[in-house]
Amino acid sequence: MLKIVNWNINGGYLIKNNSTTNNFQFFIDKIKIINPDIVLIQEGHINSKLNQIEELSKELDLKYYVFQGLGESHIEKGNQLCLFILSRFKLENVEFKEIKIPYFEKYNGRFNSILKSDLHKKGFLKAEILFDNNINTIICAHGHALYLFDKSLDDLPLQKKESINFILKNHENLIFGADMNYDKLLQIKKIQNKFSSAFKNEKTYKNKENDYILLSKKIKIINQKLDYCTDDHPLMYVEVEVK
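Residues numbered from 1 in each chain as written. Predicted model: local features only at pLDDT ≥ 70, side-chain atom pairs only at ≥ 80, totals over all residues. Heavy atoms only, no water.

### As for the sheet that holds strand 7 (residues 134–142)
Argument step 1. Pairing is mixed in the open sheet, where six strands are placed in the order 5-6-7-8-10-9. Strand pairing shows two members of the sheet lacking a second neighbour, strand 5 (92–98) and strand 9 (195–197), which therefore form its edges. Within the sheet, the average angular offset between the axes of one strand and its neighbour, ignoring direction, is 20 degrees.
Argument step 2. The pairing of strand 9 with strand 10 (residues 211–216) spans three bridges and is antiparallel. Across the sheet, Ser-197 pairs through a bridge with Leu-214, a residue of strand 10.
Argument step 3. Each of strand 5, strand 6 (123–131), strand 7, strand 8 (174–179) and strand 9 touches helix 4 (residues 157–168); the most contacted strand, strand 6, lies at about 0 degrees to it. (Pairing = 2+ DSSP bridges. Helix = DSSP H or I, 4+ residues; strand = E, 2+ residues; numbered from the N terminus. Axes fitted to C-alpha atoms, helices over the stretch in contact; angles between N-to-C directions. Contact = heavy atoms within 4.5 Å.)

Here's what the structure looks like:
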């Protein structure tokens, strides 16, 4: 059995009652209750004083971790916005696939050159683990918030193809956790054919199906739960049997 968590933690801010207080420990405590084997985090923070992935590793007793810096955080200045993968098993063959979107200049002008949430890199952080004598691929992903431009991934066929192809080429024993900012991923036939969704037809962000845990068909879902414990993204938890 494997226990998996996926969560966009918003840099450790709850966004409850317009709070401006960082409460990273809240996220740690919520995840710790599950005692997961794999944790996938979007919008983690690293700065010169606090490295959230190191804190998660220590608090959750997950020895192995990798991260990808994406640029200065829009949530709190002085932080690097990151993708995190933490694991009970050694992480190997780490790779980052960036998905580039040609809208930065237009968006920056629209908001008077204020740093906003889509000005940093987005893409797919991939690693592999050995579990029960099988190589399993882990992907933690964050997609561009194209709704800020009144667009979606459907309006950018090249970037959509890049994204889908990267997921599909890693379909064997894949565990995929993401905030894709795209609510039609499960309508794509090739995705339907290769993967099961732990939370099909669940509204996970802004009343849309934007956050995902996808699993290769051979991975059996035993238990799953969404915890809407913040005013932002829910904690996503799934327990699986890898065949």
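Next comes the rest of the account.
### Section: the environment of Thr-204
Argument step 1. In this structure, Thr-204 sits in the loop between strand 9 and strand 10.
Argument step 2. Residues Thr-204 and Lys-122, spaced 82 residues apart in sequence, show a C-alpha to C-alpha distance of 19 Å.
Argument step 3. When sequence neighbours within four positions are dropped, the list of residues in contact with Thr-204 reads Glu-209, Asn-210, Asp-211, Leu-226, Tyr-228, His-233, Pro-234 and Met-236.

### Notes on the sheet that holds strand 4 (residues 80–87)
Argument step 1. Taken in spatial order, the six strands make up an open sheet running 3-4-2-1-12-11, and their pairing is mixed. In this open sheet, the two strands that pair with only one neighbour each are strand 3 (64–72) and strand 11 (219–227). Ignoring which end each strand starts from, the neighbouring axes of this sheet average 20 degrees apart.
Argument step 2. Relative to strand 4, strand 2 (residues 38–46) is paired through eight bridges, and the arrangement is antiparallel. Residue pairing in the sheet places Ile-46 in a bridge with Gln-80 of strand 4.
Argument step 3. Packed on one face of the sheet, helix 1 (residues 24–34) meets strand 1 (2–8), strand 2, strand 11 and strand 12 (235–242) and runs near 160 degrees to strand 1.
Argument step 4. Against the sheet, helix 2 (residues 52–60) engages strand 2, strand 3 and strand 4, with an angle of about 25 degrees to strand 4.

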